[in-house]
Amino acid sequence: MNKKLVKTAAYDVTKVRADFPILAREVHGKPLVYLDSAASAQKPRQVIEAISRAYSHEYANVHRGAYYLSETATTAYEAAREKVRRFINAARLKEVVFTKGATEAINLVAATWGRSFIKAGDEIVLTAVEHHSNIVPWQLLRDATGCVLRIAPVAVNGSIDIQEFAKVIGPKTKLVAVAHVSNVLGTVLPVREIAELAHAAGAKLLLDGCQGIVHEYVDVQDLGCDFYVFSGHKLYGPTGIGILWAREALLEAMPPYQGGGDMIDSVTFAKTTWAPPPAKFEAGTPPIVQAIGLGAAIDYLNTLDRAAVAAHESALLRYAMTSLAQVPGVRLIGTAPGKAAVQSFVMEGAHPHDLATVLDRSGVCVRAGHHCAQPLMEILGVNATTRASFALYNTMGEVDALIAALRKAQEVLL
Ligand code: 7TS
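Just so it is clear, the model here is predicted, and its values are computed rather than measured.

The rules behind each value
Residues numbered from 1 in each chain as written. Predicted model: local features only at pLDDT ≥ 70, side-chain atom pairs only at ≥ 80, totals over all residues. Heavy atoms only, no water. Near = heavy atom within 4 Å. Polar contact = N/O pair within 3.5 Å; in protein donor to acceptor, adjacent residues only side chain to side chain. Areas by Shrake-Rupley, 256 points an atom, 1.4 Å probe, with all protein chains shown as cover. 1 Å grid on protein atoms, 1.4 Å probe; cavity = no way out; pocket = protein on both sides within 12 Å on 5 of 7 lines; lining within 4 Å. Sits in = over half its atoms within 2 Å of the grid points. Nonpolar A, V, L, I, M, F, W, Y, C, P; charged D, E, K, R; others polar. Domains from an automatic or database assignment. Helix = DSSP H or I, 4+ residues; strand = E, 2+ residues; numbered from the N terminus. Expected span 1.5 Å × (residues − 1). Buried < 20%, exposed > 50% of the residue type's maximum accessible area, 1.4 Å probe, protein only. Points joined across faces, edges and corners; volume = space filled by probe spheres on them.

> Which residues make up the site of the ligand, and what values do they have?
Around the ligand lies a shell of 15 residues, among which Thr-103, Asp-208, Ser-231, Lys-234 and Arg-387 are the nearest. Here an oxygen atom of the ligand and a side-chain polar atom of Ser-231 are 2.6 Å apart. Protein burial of the ligand: of its 500 Å² of free accessible surface, 87% is covered by the chains. More than half of the atoms belonging to the ligand lie within 2 Å of the grid points that define the second largest pocket. A breakdown of the residues in the shell around the ligand according to their chemical character gives 4 nonpolar, 7 polar and 4 charged. When residues are assigned to domains, the shell around the ligand turns out to be shared by domain 1 (13-44 + 305-413) and domain 2 (49-301), each giving three or more.

> So, helix α12 (residues 306-325): which residues are in play, and what are the values?
With 20 residues, α12 should reach 28 Å at 1.5 Å per residue; the first-to-last C-alpha distance of 28 Å fits that figure. For α12, a buried count of 16 out of 20 residues is recorded, marking the element as mostly surrounded by other parts of the structure. Looking at where α12 begins, the residue whose side-chain oxygen comes 3.0 Å from the main-chain nitrogen of Ala-307 is Asp-305.

> Account for the environment of Lys-271, with residues named and values stated.
Note that Lys-271 resides in the loop between β11 (264-267) and β12 (272-274). When the C-alpha positions of Lys-271 and Gly-284 are compared, they lie 19 Å apart, and in sequence the two are 13 residues distant.

> So what's going on with empty space enclosed by the protein? Which residues, and what values?
Space left empty within the atom packing is revealed by a probe, the size of a water molecule, rolled over the atoms. A complete count under the given rule lists 3 cavities of 30 Å³ or more for this structure. Reported here for the largest cavity is a volume of approximately 60 Å³. Lining the largest cavity are 11 residues, with Val-214, His-215, Arg-306, Val-309 and Glu-313 sitting closest to its centre. Looking at the lining of the largest cavity, the elements with two or more residues in it are α8 (212-215) and α12. Per-element tally for the lining of the largest cavity: the top contributor is α12, with 4 residues. Per-class residue counts for the lining of the largest cavity are 8 nonpolar, 1 polar and 2 charged. Counting contributing residues, the lining of the largest cavity receives three or more from each of domain 1 (13-44 + 305-413) and domain 2 (49-301).

Here it is in structure tokens:
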């Protein structure tokens, strides 16, 4: 857990839950127990209402109209960028690029920075825990350039050992691209140490913050990374919006990702010049209302005591780990110290998919499968895991519901 978030404070989870309309519904006649927030988080009514308000009262295309409504929409869209900037403590507004998600943000970096600065024989360092979104774009770049991917190992408990990490970084390393927090194991990677190693080798550091931004306090300047990406939908915002943060000098040096409206300075058939960042990377009509929705999610999080949220999630994780370990035949996967509130496990004799289907009958939503991390599954020696992931609206009672449903599933499946 991030040091800045360890302070305990009173946290009224009942009050928080009342903000999330979907949590009041039932599935299969049972109260919904939503334990899949690492895949996508539920939305508070403040976000839903902001989206509805934007479409009902403030909607027009941005950056183009000379009329009041377009100016209003542009102001709201750009205000969302400033909210993101403050949330991650970026030094400059122009360093915050809206994308359609983390996946697009990583592909953008691979296709623009990568194609410009990575050559045959250069090395890109990843870790064994990466999501496919932070593997495949680099494989595409490898196929195009002849660069080499090197993989830092993961320990049996899910930790990333910095000494082992140091062994795969060398003079040919040009980029280190790693998760801030693993979506399968919950491991919080030692990103500050990794930043030092990367920079000492003259390499850039990209952090995949999809899970990190949700569970950790993120200050991109303090983390020492060069690129930080995340998706809005895991941060209680809408789908279809993500963030690429990069240092200004990098964005200046990178060519555009896509061509189209809004990203140009001037166009003739002979020659086109680009707008400065972030517009250079936001071709076409952007996800306007999605950005406004993400801004509303950030506003919502800012109304909460984030240290108290972190303490609450930590307590949920500790309780879940202890309770799961007491279920016969259950093995926890991912027990690194200081990990975030994501817990994978396997249960002897039950395939994770069958288990998730049976849990669903009790109203419990968990993820089962490879979690878009097939290389990690292979290293762990499993085909799949079941994963419960916790968010600021989950309760200890929901952990009890998971355990009760698991015991019931054992009667059905074993
Ligand atoms: N990186 C990490 C660490 C992730 O957890 C995910 C999504 C992505 C990248 C891709 O994000 P997207 O919003 O662009 O799709 N993780 C998960 C998951 O764990 N279950 O479903 C999606």
